[in-house]
Amino acid sequence: MLLDEEKASDDEIWLTTIFNKAAVSILTALEKSDAPSRQIISDIILKENASPESIRALSVQYRPPYMIVAASWTESSPDDIVSRSLVKELQLMDSSTLTIIEENTIILLCYDMDERKNNECLEKIFDKILQYPMHIGVSDKYTGLSDSHGYYEQARLSIKAGFAQEPQKKIYRYNEYSPMQIVSGFAEHYCRKPFIDPIVLDIKSHDKKNGSDYLKTLDVYLSHMMNVKSAAEELCIHPNSMHYRISRIEELFGIDFNDPRQIQTLILSIMLDSVQK
C-alpha cells in the first residue's frame, strides 16, 4: 500500500502497518502454491539454464503463443511489499499470466495469447501497472518456451530504446523500436563513442556552439526517407526552410545524400548517440 506519511494521520499509518504485515503473510502463502513452476520459468527467462525436460513439461501447462511484458520502475524501487502486492494483483487479474520480480523489474510471461487475450487482458494489465510510476516493454509473440530469455531481452530493451526516442510514452512495443533495440543492446556492451560517425559528433558540437538544431533536422529527414515535405511537417517548418537546412548540412559537414552506405552509417550513429548511458 502506497501512503504519503507526511500527510497521513497516526491512525492511517497504524492501519497501513497492520495491512502490510498481513499482506506479507498472505502473499507468502499464495506464492508457495506455484513456487516450483515460477522458479523454473524464472530460470528460463533470466538464465536460460532450465532442463529440456522441465521446459517440455511446462509447455503443456503454459501453452503458446507467449508474450513477455517487462515493467520497470521509473523511480527507485518501492519496498518489497508494494512490488509483491502488485505482482499478486497482476497474477489474479488473468489466469494466463505468470509473474516474477527481478531487481527493479516485474516480468510477466503471458501464455495462450489468442487475439482476445492479446487485446483485452493486456489492456487491463497495462492499466493496473500504470497506476504506479513504471514504464512497460512488450515483446513480440513467440511459440517456443525455451526462447523466453531472448524475448525478455526484447521487452527489456524496448523500454530503453523507446524511452530514448519518446520519453513521454509509457508503453514501448518491440515491433515499434526494433532497430533502436539492436543499437541499445550493442551500447550496453561497448563504449559508444568509437562507433559513432564523426560527422554526427561534429554536428552535435556545432549545434551546441551555435544554438542550431541540425542534428534533429538530419534525424527527422533521414527517418522520413529524405522526404522534405513530410520531414518539414514533423518539424512544423516550411518545406523551403527544410530545403535550406539540408543544404547547409550538406555544405557544412560534407554529407553525400546519394551515398546509401553513408546514409546507413548516419542513421545508426544517430540512434547510438541517442541511447542513454
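Residues numbered from 1 in each chain as written. Predicted model: local features only at pLDDT ≥ 70, side-chain atom pairs only at ≥ 80, totals over all residues. Heavy atoms only, no water.

Caption draft 1: Inspection of unusual backbone geometry at higher detail. With omega at 0°, the peptide bond leading from P64 into P65 counts as cis. Take P65: it is sitting in the loop between α3 (52-61) and β1 (67-73). Here E103, not a glycine, exhibits a phi torsion of approximately 55°, which is positive. The backbone of C236 sits at a positive phi, close to 60°, despite the residue not being glycine. Relative to the helices and strands, C236 is located in the loop between α10 (228-235) and α11 (239-253). (Helix = DSSP H or I, 4+ residues; strand = E, 2+ residues; numbered from the N terminus.)

Caption draft 2: A look at the layout of surface pockets. In this structure, the largest pocket occupies an estimated 670 Å³ of space. Mapped onto the lining of the largest pocket, the elements with two or more residues apiece are α6 (148-165), α7 (174-189), α9 (214-223) and α12 (260-274). For the lining of the largest pocket, the leading source of residues is α9, giving six residues. Looking at the lining of the largest pocket, its residues break down into ten nonpolar, three polar and eight charged. (1 Å grid on protein atoms, 1.4 Å probe; cavity = no way out; pocket = protein on both sides within 12 Å on 5 of 7 lines; lining within 4 Å. Points joined across faces, edges and corners; volume = space filled by probe spheres on them. Nonpolar A, V, L, I, M, F, W, Y, C, P; charged D, E, K, R; others polar.)

Caption draft 3: Region of the structure containing the packing of helix α8 (residues 198-210) against α9. Between α8 and α9, whose axes approach to 8 Å, the crossing angle comes to 135°. When the axes of α8 and α9 are compared, the pair comes out oblique. Facing α8, whose interface residues are V200, I203, K204, H206 and D207, α9 presents Y214, L215 and L218. In terms of residue class, the contact of α8 with α9 is built from five nonpolar, one polar and two charged. (Axes fitted to C-alpha atoms, helices over the stretch in contact; angles between N-to-C directions. Parallel < 35°, antiparallel > 145°, perpendicular 65-115°, else oblique. Contact = heavy atoms within 4.5 Å.)

Caption draft 4: Fine view of the sheet that holds strand β4 (residues 134-138). Across the sheet, five strands lie side by side as β2-β3-β1-β4-β5; this open sheet has mixed pairing. Strands at the two margins of the open sheet, each flanked by one partner only, are β2 (97-102) and β5 (171-173). Going from strand to strand, the sheet's axes swing by 20° on average, the running direction of each strand aside. Both β1 and strand β3 (residues 105-110) contribute to a ladder of six bridges, which runs antiparallel. Note that in β3 the partner of I68 across the bridge is L109. Lying on the sheet, α6 is in contact with β1, β3, β4 and β5; it crosses β1 at an angle near 45°. Those strands touched by α7 are β4 and β5, and its axis lies near 75° from that of β5. (Pairing = 2+ DSSP bridges.)

These values are about where atoms sit, not about what they do.
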